[in-house]
Each structure stands twice: as structure tokens, then as C-alpha cells.
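Each chain is listed here by its residues.
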Amino acid sequence: MSAAVIPLLAAAVVVYALYKKVNVYDAFVNGAKESLPLIARILPYMAAMLIVIELLNTGGMMDMITNLLSGPLSRLGLPAELLPMALLRPFSGSAAMAFVSDIFDKNGVDSVLGMAASTMMGSSETIFYTLALYFGCVGIQKTRFTLPVALIASLVSVIASIWICNLMFG
Amino acid sequence: MMSWIWSILFFAGTVWTTFSSGGDFALNAMMAGAQKAVTLCISLGGAYMLWMGLLGIAKEAGLIAALSKKLRRPCEWLFPGAGEATGAITLNIAANMLGMGNAATPFGLEAMRLMQKNNKDKRRATDAMCVFLAVNASALELIPTTMIGLRGAAGSAQPSAIVITTLISSGLATIVAIFLCRLLARES
């Protein structure tokens, strides 16, 4: 049902534009045309980010850091299994997702850990990539307090995910 | 800030990988990352074409301006000084809430462009931009469509059981982000 809303909304926009005597075809083409310079503008930022992420992931440094941190953090109540994905999530969605499927395999999709991992994955964002992209695209260099706030918000979602899943499914 | 973080990550990643797996491996990893960016951009290109084309029609029909006007008051409270970017911000947040990340990005970049237009110091982020990005980073989702799909594919008996937990978790993160932004924006 809900999946039908978006395409029907798009169709309604077209009908409304026709009613408003808009040259719909030209409007679409002109809008779509703007995506080309946009892609060209964001590609370098993506490349900069993905080069570093690939280095950290395949080079094994990320594993080293998560191993180093898993001891002290698990003492704070964060399940050790969830730690690598919590740490990776701000950098790379696909890398974090690899750990989520690992948890699915080992603990089960509907286990408390599986639920917590799914919730964490759905309630956080690849922060570094998003900030680099959005700010880079318009040439902002002084990002002020955005990154620390985003990281704190991400931490909140990690803690909240574990807490709520323990409460509901534990 | 980004410059420092990137430099540190690049330096540490390169040195670590070179000493642990060799120089060739490090260079290959960098190359793979750059190539991923290109393929990702190409696949995103299709989504951007579609959504920016539809956005173009909505703009021409005056729908975006109408949306901006309607939501100016609540938006002005949340994103002080967002002005004409209101419509694009709304679309971005709506797309994010529905779990349509590919549609959210072009709307979000359009919002950034409009906010940058009225920015006096082009190198420094405005309050509205900071809140906008903090809200984006806290990933408020009504229906985490991607995750539900992945859970279903992994054989879950109740793939959508995470809807409520995700909403609570991302809702809390969003509230904290907004609160912190307001606090910090006032002080600076």
C-alpha cells in the first residue's frame, strides 16, 4: 500500500503541472540536466572519502582499532559483537552492513543482538561521507560544531538501540 | 576540521597498510576506493536524473514555492534563516523519513545550494546548515525500508519488528542533535 504512494504522487505532480500549463517535458529535462554538474561536483568528494575508507578497511587498520577498543567498551555495557559495526557506521555503510550480516548468521536475525544491530543500522548515517558531500558541494570549509554534534547523535542512537532492543526483545 | 580528519586517516591508513600488507596492496586499495566512487556516482546518476527531473516539474508548477511558504514558520524555528531553502529541506527530510536515500541526496544538495546563496561568509556554515546536516546525520526514519528488506532476505520471521525501535532510537538521536545545535549556535 505505502509503496504505491510515491509513484502516484509523482503522477499527481505531472497532472498538476499540466493543469498549471507547465511545459512538463522541458521541465523534466531541465531538472534532470542539473544532475550532471551535480554528479561531477560530488565525485571528487566521494573519491576522497572512499579512498581512505577502502584503505582503512582492507588494510586491516579498522580491525586493529576495533580490537583495541572492544575491551574497554564492552566493560561499559556495549556488546562486543556490535562494536565493530558501531565504529564503522559513521564511515561506511557497506562495511558496517558486512558486520550486521555476520551477526545475523551467528546469532540469528530475530535475536536481541540481531534486532539491536538492525536498529543501529537503520537509525544512523554515514556521517563523514554525508558531511563531506553536503559541505564540499557548496564549498563550506568551516563546519563549526556539525561533526561533533553528529557524532554525539550517532552515539545516542547506538546506546538507544541497545537499550530499547533489550527492553522490547530481551 | 575535515582536512585534518582526512589527512590523519589517510596518513595512518597508508602507513599501516604499507607496513602490514605491502606498498602494492596499499596502492591497490586506494585505486579500488577511487573506482568505487566512480561506479557509485554512475549508479547514483540515474537516481539523480529521475528525482531532479521530477523536482524540476514540481518547481515549474510552483509546488516547491508553495511548500516553502506553508512550512516557513515551523521550518524557521528549526532551521533559522533557511528562507527559500525550506521546500527543498522539507523534501529531503520527507525522503529520508521514507527511507529513500537516493532521492534525499539531490533534494538535500539543492537545499544546501539555496542556503549558501544567502550566506554572507561563503566558507563558514550557517546555523541552518549545521542543524540541517545534524538532522540528516541522525537519520530519522519512519520506515527503514532498506533494513526491513535486508532482514527479510536474511530469513527473519518478523522483518518489520524494528520499525518502532528504529523510530525511537533515531528520534532520540534527532532530538539530541537539534538540542545541541541550538545550544551551540547561541553561544558562537
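Just above, that's the structure.
Computed from a predicted structure; not experimentally measured.

Trainee: Explain the nonpolar core to me, please; I cannot follow it from the model alone.
Mentor: All names here are of chain B. If you look at the biggest cluster of nonpolar residues, it comprises 107 residues, and the most contacted ones within it are F79, I89, M112 and M115. Looking at this core, the element that brings in the most residues is helix 2 (residues 23–60), giving eleven residues. Leaving out residues up to four positions away in the same chain, I89 has contacts with C75, F79, A82, A111, M115 and F132.

Trainee: What is the right way to read unusual backbone geometry from this model?
Mentor: A negative phi holds for most residues other than glycine; trans holds for most peptide bonds. All names here are of chain A. Here K21, not a glycine, exhibits a phi torsion of approximately 60°, which is positive. Residue position: K21 is located in the loop between helix 1 (5–19) and helix 2 (24–33). Even without being glycine, R144 reaches a positive phi, approximately 55°. For R144, the position within the fold is in the loop between helix 8 (127–138) and helix 9 (146–169).

Trainee: I would appreciate a short explanation of the environment of P37 of chain A in the present structure.
Mentor: Turning to its location among the elements, P37 of chain A is positioned in helix 3 (residues 35–58). Considered as a pair, P37 of chain A and M115 of chain A are 78 residues apart in the sequence and their alpha carbons are 40 Å apart.

Trainee: What's the story with the environment of Y25 of chain A in this structure? I'm lost.
Mentor: In this fold, Y25 of chain A is placed in helix 2. The sequence separation of Y25 of chain A and V14 of chain A amounts to eleven residues, and the corresponding C-alpha distance is 9.5 Å.

Trainee: Looking at this structure, I do not really get the packing of aromatic side chains. What am I missing?
Mentor: Think of a pair of aromatic rings as described by two things: how far the centres are apart, and how the planes are tilted against each other in angle. Inspection of every chain in the model, using the stated rule, returns six aromatic pairs over all chains. Between W51 of chain B and F107 of chain B, the aromatic rings sit 6.4 Å apart at their centres with planes inclined by 75°, giving edge-to-face as the arrangement. Residue W51 of chain B is found in helix 2, and its partner F107 of chain B is found in helix 6 (residues 101–117); the two are separated by 56 residues along the sequence. Judged by its relative accessible area of 18%, W51 of chain B falls in the buried class. Cluster of aromatic residues (ring-pair linked, three or more members): Y134 of chain A together with F79 and F132 of chain B. Above the plane of the ring of W77 of chain B lies R182 of chain B, whose end atom (NZ or CZ) is 4.5 Å from the centre.

Trainee: Can you help me understand the packing of helix 5 (residues 86–97) of chain B against helix 6 of chain B in this one?
Mentor: Each pair of packed helices can be described by the angle between their axes along with the distance between the axes. Residue and element names in this part refer to chain B. Where helix 5 meets helix 6, the axes come as close as 8 Å, and the angle between the chain directions of the two elements is 155°. Overall, the two elements helix 5 and helix 6 adopt an arrangement that is roughly antiparallel. Handedness of the crossing formed by helix 5 with helix 6: left-handed. Between helix 5 and helix 6, the contacting residues are A88, I89, L91, N92, A95 and N96 on the first element and A103, A104, F107, G108, E110, A111, L114 and M115 on the second. Counted by class, the contact of helix 5 with helix 6 contains ten nonpolar, three polar and one charged residues.

Rules used throughout
- Residues numbered from 1 in each chain as written.
- Chains lettered and ligands numbered in written order.
- Predicted model: local features only at pLDDT ≥ 70, side-chain atom pairs only at ≥ 80, totals over all residues.
- Heavy atoms only, no water.
- Core = buried A, V, L, I, M, F, W, Y, C linked by side-chain atoms within 4.5 Å.
- Buried < 20%, exposed > 50% of the residue type's maximum accessible area, 1.4 Å probe, protein only.
- Helix = DSSP H or I, 4+ residues; strand = E, 2+ residues; numbered from the N terminus.
- Contact = heavy atoms within 4.5 Å.
- Phe/Tyr/Trp six-rings, centres within 6.5 Å; stacked < 30°, edge-to-face > 60°.
- Lys NZ or Arg CZ within 6 Å of the ring centre and 35° of its normal.
- Axes fitted to C-alpha atoms, helices over the stretch in contact; angles between N-to-C directions.
- Parallel < 35°, antiparallel > 145°, perpendicular 65-115°, else oblique.
- Left-handed = near helix turned anticlockwise from the far one by under 90°.
- Nonpolar A, V, L, I, M, F, W, Y, C, P; charged D, E, K, R; others polar.

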